[in-house]
Amino acid sequence: MDKNFQEEPFTGIIKFTPPLYKQRYHFVKDLVGKYKPKKVADLGCADCTLLGMLKFCSCIEVLAGLDICASVMKENMHRLSPLPGDYLQPDERPLTVTLHHGSVAHKDPCMLGFDLVTCIELIEHLEESELKKFPEVVFGFMAPSIVVISTPNSEFNPLLRGVTLFRHPDHKFEWSRLQFQSWALEAARCYDYSVEFTGVGHPPTEMKNVGFCTQIAVFVRKYSQTSESAQSETPSEAVYKMVFKAVYPSLKDEKYLQNAVISEVIFTAQIIKRNLLNHLMSEHEEYNDAPTERKSKFQPSMNTFSEDLGKLVVEKSMEPFVDGNMVYIPLTVIFSFPKVNQLCGTFEKLCKLIAGKVTLSSNGSAVMLNTEHENEEN
C-alpha cells in the first residue's frame, strides 16, 4: 500500500537510492533468501510489485496476496501470470499464485499454513478497530513461522519535504520507534514470538539519532503450532474472495515433464546426427583426395561417432550409425547426456516418457532420424 507515495515525497532534503520502496522489497527478498520459505503471503499486496519479485525466488512454491482494494489488484495481476517462456522451459519447482480480496481483520482458512507473512507499509492504513484484531488474525490464527512488518517512523518525518502530519492521506497513524516497538513486543509476548527491530532508509550522518525512515520488525515464532489448535481456530466458511489464480507449468507435472523430455531427446538426437554426418562427409572427402595407393588402406566407416560425443557413450559397442537414409541413435547414448539424465532420472523413465512420441527402431532401442533433410541442407 506504499507505492502511491514512494518517490515524490523523498526529493529535496532527503533522496533515497535506490528508492525507499525498493529497499523495503529487497529487505523481504533477502529475508526469503535467508529462511527459504516455501509458502509466502503478502498482506496489503496492493499493486502486486512485491509478489512479482518473489515469484522468482526458487524456494517459494506458494504465493498469496491479500488486499482490501480489489480493483488495484485486478489492474496489476497480469504481472503474476506465466509467460510463454515458462511453458517452453518449465521450472522444476511448482508455483501457485493467488490473490484474495478481503480485510486483514478477518480470518479465512485460505491463509493458513504459510511460512512467511509480510505486511509492508500496511498497519498504518488500518482503522483502530482493525488494528486491534490484526495481531490475533496474523499471529494467533495464521501463526506463520516468520512475520515481517514495516511502517513509517514518525521521528523521520521532519526531514521529508512536504510532510506536515502523515506521509500519506490514507494513513490513520504513524508511530515513533518507541510506540512501534511497544506494540510489537506486546504482540510477540502474547503469541510466543521473538522480535527484532531494524529498518531501511538511513538518515544523514549528522541526524542519525532519528533512526531509519522505515522501521521494520521481524517476528520469529518460538514454538510450532499444533495441528489441533490450528483446526480448532479454523472458520467454517471462507470470507475472502479469490480474484486471481495462476498455476505455473512445472516439471513436477508429468505432462510438462514429458514435453520437456521429448524436446530434449529430439534436440540431442539432432546434434548427434549432425556430428555423425559431418564426420562421415569429412572421411569421404579425405578418401577421395587420397592417392590411389592409399585408398585401399582407407575405408570410411559407416559406424562413426565424433570424439567429443564418444566420451559420453556408456557402452562403446552402442554407437550411432547410418543405415541407408536413416540415422540410428541408441537411447543409451541419449540418456548419457546430462540434461536428459537430469530430467528423467532413470533409463526406464526415459523409455516411458517418449513411448509413442518419438520414432524408435523396431526393438525400441534407438531413435531414428531421416538423413534426407540433412542432405538437402548440405
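In short, a report on the structure. (Residues numbered from 1 in each chain as written. Predicted model: local features only at pLDDT ≥ 70, side-chain atom pairs only at ≥ 80, totals over all residues. Heavy atoms only, no water.)

### Some thoughts on the sheet that holds strand β9 (residues 321–323)
Either a parallel or an antiparallel arrangement is found when strands of a sheet pair, and the pairing is made through backbone hydrogen bonds.
And then number 1: The strand order across the open sheet formed by 3 strands is β9-β10-β11, and the pairing between neighbours is antiparallel. The strands lining the two open edges of the sheet, one partner per strand, are β9 and β11 (366–370). Taken over all neighbouring pairs, the strand axes of this sheet differ in orientation by 30° on average, direction set aside.
And then number 2: Direction of pairing for β9 relative to strand β10 (residues 326–330): antiparallel, over a ladder of 3 bridges. (Pairing = 2+ DSSP bridges. Helix = DSSP H or I, 4+ residues; strand = E, 2+ residues; numbered from the N terminus. Axes fitted to C-alpha atoms, helices over the stretch in contact; angles between N-to-C directions.)

### What about the packing of aromatic side chains?
And then number 1: In the structure shown here, the tally under the stated rule is 14 aromatic pairs.
And then number 2: Summarising the aromatic geometry, the rings of Phe139 and Tyr193 are spaced 5.1 Å apart at their centres and angled 70° between planes, so their arrangement reads as edge-to-face. Here Tyr193 lies in strand β6 (residues 193–200) and Phe139 lies in helix α5 (residues 128–142), a separation of 54 residues in the sequence.
And then number 3: The buried category is assigned to Phe139, whose relative accessible area is 2%.
And then number 4: Tyr193 sits in the buried class, given a relative accessible area of 3%.
And then number 5: Each member of the aromatic cluster is reached from another via a ring pair, and the members are Phe134, Phe173, Trp175, Phe180, Trp183 and Phe197. (Phe/Tyr/Trp six-rings, centres within 6.5 Å; stacked < 30°, edge-to-face > 60°. Buried < 20%, exposed > 50% of the residue type's maximum accessible area, 1.4 Å probe, protein only.)

### A few points about the nonpolar core
And then number 1: Core analysis: the biggest nonpolar cluster contains 41 residues, and Leu54, Ile60, Leu99, Val148 and Phe156 have the highest contact counts within it.
And then number 2: Secondary-structure elements contributing two or more residues to this core are α1 (20–35), α2 (49–54), β3 (96–101), β4 (116–120), β5 (146–152), β7 (214–221) and β8 (241–247).
And then number 3: For this core, the element with the most residues is α1, which contributes 7 residues.
And then number 4: One finds Leu131, Phe134, Phe139 and Phe141 within the second-largest nonpolar core, a separate group that totals 33 residues. (Core = buried A, V, L, I, M, F, W, Y, C linked by side-chain atoms within 4.5 Å.)

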